[in-house]
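Report on the structure
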2 protein chains.
Amino acid sequence: MSRLHLHLVSDSTGETLEMIAKAALAQFEDADIVRHFWPMVRSKQHLDRIVPELAANPGLVLFTLVNPDTRERLEDHCRQLSLPAVPAIDAVTEALEDQLGQEAHGRPGRQHLMDDAYFKRVDAIHYTIAHDDGIGSDNWEEADIVLAGVSRSSKTPTSIYLANRGYKTANIPLVIESPPPEILYRLKNPLVVGLTTAPERLVQIRRNRLLSLNENSETSYIDDERVREEVKFARRMFADNGWPVIDVTRRSIEETAAAVINLVGERDRREIPPRVGPKPI
Amino acid sequence: MSRLHLHLVSDSTGETLEMIAKAALAQFEDADIVRHFWPMVRSKQHLDRIVPELAANPGLVLFTLVNPDTRERLEDHCRQLSLPAVPAIDAVTEALEDQLGQEAHGRPGRQHLMDDAYFKRVDAIHYTIAHDDGIGSDNWEEADIVLAGVSRSSKTPTSIYLANRGYKTANIPLVIESPPPEILYRLKNPLVVGLTTAPERLVQIRRNRLLSLNENSETSYIDDERVREEVKFARRMFADNGWPVIDVTRRSIEETAAAVINLVGERDRREIPPRVGPKPI
């Protein structure tokens, strides 16, 4: 299997390019890829500094440079080095040019403008951190989403992920012995979503967690019968309150979050007759 | 200004597509865009359910469907509705096919495989939340990155952002009256990065924060002279310890995080002579 050097050249944070590369690479088996990451390339000088690195590790160059000068320069260099250079989002930019009847302008990093949407997202992150694990239930009404689920049903990382996409997210662990605060049953603004998972999977995850904490006592936390009861208790609560439920057993955090965002979209479409798209992020 | 309906159709979480759309749209002025988000479209049945919505809001269709059947069906539908349909990452996939000498397979969602990198990322999120705002300094040696900076220099959202990209990140507020734990000066594994910002900007942000908390007292927290001293104190600490510094004044969280990741990359390239790319995420 031969090795491929993959150079990601961006005039912004490079995040879009990284996600494109990841999504595209997922369609290939056992590729031996060495990634080289070149973000914030906004001048010819900066570009010229990385050219020796391209020459030293020849491979495929993917780029998202919007400034025509920098872009042309990279293409020239790649031509001289006989490296394939692919503009990663041109197909989409060109389709938008057609549809909008405008030419794309060449100013990089504009998607990181600190506009209202940006500050909303930063607020969502602060809110979410301050409302992890049942904390701050007094402010739950301000949340967009409240995730409820048994321990280790990935509430925290899913919340953080949703926060990054602009949703203020609180989460509450469901414990048989200690009922959630009453306000959970009376929330108007946030969508409450139940997270559940297969009891066997939960026992396994928790067992690993105890191992990593160097605790090997057999507690009810990992007792099969007990965990089954816990999951049943949570499911019944979801059903009694008409909360939508997502089974996270075979879902990654991103997939769970996408399912939650779908639910928010469905609710919004039901509630606001002239339908609008999801919140921009 | 005419309105454009933008349909994002994905067989996975749709996140890549959303970022591509955002990056491309940032190159246009004042576009009135209504986004319609269709993630997890993995069957003809699911696809057929959204076709009436495409027909009701005709516009541009961007897609990342890897399954050839679903993909062909979407393209057929769009042809019948006379809607332009753009495969958003095909240019990259095709370049990879050429380079790897393999055909892309049609299995969706593979980038969300729960592999080692995935669990590493989830760990990073848990770690980062547990080490926000100076908490848990005993475990700082386990971090990849420790961010130090005065209050409201965006340490927390930057940390969370880095966690999402797989970096265990701790952060510590620098306060003149209360020196940081001694361990900060002796860390071997993590890269310590100083965040700084213009004092005027800091006063403004803090003033807004107090307003939002309904506190309007004139405290030293927003006293110009005092804030200037605080920033100077932090800058001196960064210099004394040889920590790299990032000025966040005009940077978004994403840009600050990209700069931090750059610093980590530079350090790794210095330390590991046969250079490797950044960590895959």
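Residues numbered from 1 in each chain as written. Chains lettered and ligands numbered in written order. Predicted model: local features only at pLDDT ≥ 70, side-chain atom pairs only at ≥ 80, totals over all residues. Heavy atoms only, no water.

Looking at an unreviewed UniProt entry, chain A carries the name Putative pyruvate, phosphate dikinase regulatory protein, with the source organism given as Pontixanthobacter aestiaquae. Turning to chain A, the UniProt annotation filed under Function (unreviewed entry) states: "Bifunctional serine/threonine kinase and phosphorylase involved in the regulation of the pyruvate, phosphate dikinase (PPDK) by catalyzing its phosphorylation/dephosphorylation." Under the Sequence similarities (unreviewed entry) heading, UniProt states for chain A: "Belongs to the pyruvate, phosphate/water dikinase regulatory protein family. PDRP subfamily." (UniProt positions renumbered as here; feature names shortened; annotations may be inferred.)

**Considering the sheet that holds strand S1 (residues 3-10) of chain B**
All names here are of chain B. Taken in spatial order, the four strands of this open sheet run S2-S1-S3-S4, and their pairing is parallel. Edge positions in the sheet fall to strand S2 (32-38) and strand S4 (85-87), since each of these pairs with one other strand and no more. Geometrically, the sheet is characterised by an average inter-axis angle of 20° between neighbouring strands, direction not taken into account. Here S1 pairs with strand S3 (residues 59-64) via six bridges, running parallel. Among the inter-strand pairings, Ser10 is bridged to a residue of S3, identified as Thr64. (Pairing = 2+ DSSP bridges. Helix = DSSP H or I, 4+ residues; strand = E, 2+ residues; numbered from the N terminus. Axes fitted to C-alpha atoms, helices over the stretch in contact; angles between N-to-C directions.)

**Points about the pairing of strand S6 (residues 169-173) of chain B**
Residues and elements named next belong to chain B. Taken across its five residues, S6 has four buried, putting it largely inside the fold. The pairing of strand S5 (residues 145-149) with S6 spans five bridges and is parallel. If you follow Ile145 over to S6, its bridge partner there is Thr169. For the crossover that starts at S5, traverses helix H6 (residues 155-164) and ends in the parallel S6, the hand is right-handed. (Buried < 20%, exposed > 50% of the residue type's maximum accessible area, 1.4 Å probe, protein only. Right-handed = clockwise from strand over helix to strand, strands pointing away.)

**Section: the environment of B:Ala26**
Counting through the fold element by element, B:Ala26 comes out in the loop between helix H1 (15-25) and S2. Overall, the relative accessible area of 12% leaves B:Ala26 in the buried class. Separated by 124 residues in the primary sequence, B:Ala26 and B:Val150 have C-alpha atoms spaced 32 Å apart. When sequence neighbours within four positions are dropped, the list of residues in contact with B:Ala26 reads A:His105, A:Arg110 and A:Gln111. (Contact = heavy atoms within 4.5 Å.)

**With respect to the relation of the copies chain A and chain B**
The operation relating chain A to chain B is a screw motion whose rotation component is 180°, with 0.0 Å of axial translation and a residual RMSD of 0.1 Å. Considering both components of the superposition, the chain copies are consistent with a two-fold axis. Of the residues that chain A buries at the interface, 100% are likewise interface residues in chain B, meaning the two copies contact each other through the same surface. (Least-squares fit on C-alpha atoms with pLDDT ≥ 70 in both.)

**Remarks on the packing of aromatic side chains**
In the structure shown here, the tally under the stated rule is six aromatic pairs over all chains. Ring geometry for A:Phe238 and A:Trp243: centres 6.4 Å apart, planes at 50°, overall tilted. The burial state of A:Phe238 is the same as that of A:Trp243; both residues are buried. Here B:Tyr118 and B:Phe119 contribute two aromatic rings whose centre-to-centre distance is 5.1 Å and whose plane-to-plane angle is 80°, an arrangement assigned as edge-to-face. Classification of B:Tyr118 as buried rests on a relative accessible area of 6%. Here the aromatic residues A:Tyr185, A:Phe238 and A:Trp243 are joined through ring pairs into a cluster of three or more. (Phe/Tyr/Trp six-rings, centres within 6.5 Å; stacked < 30°, edge-to-face > 60°.)

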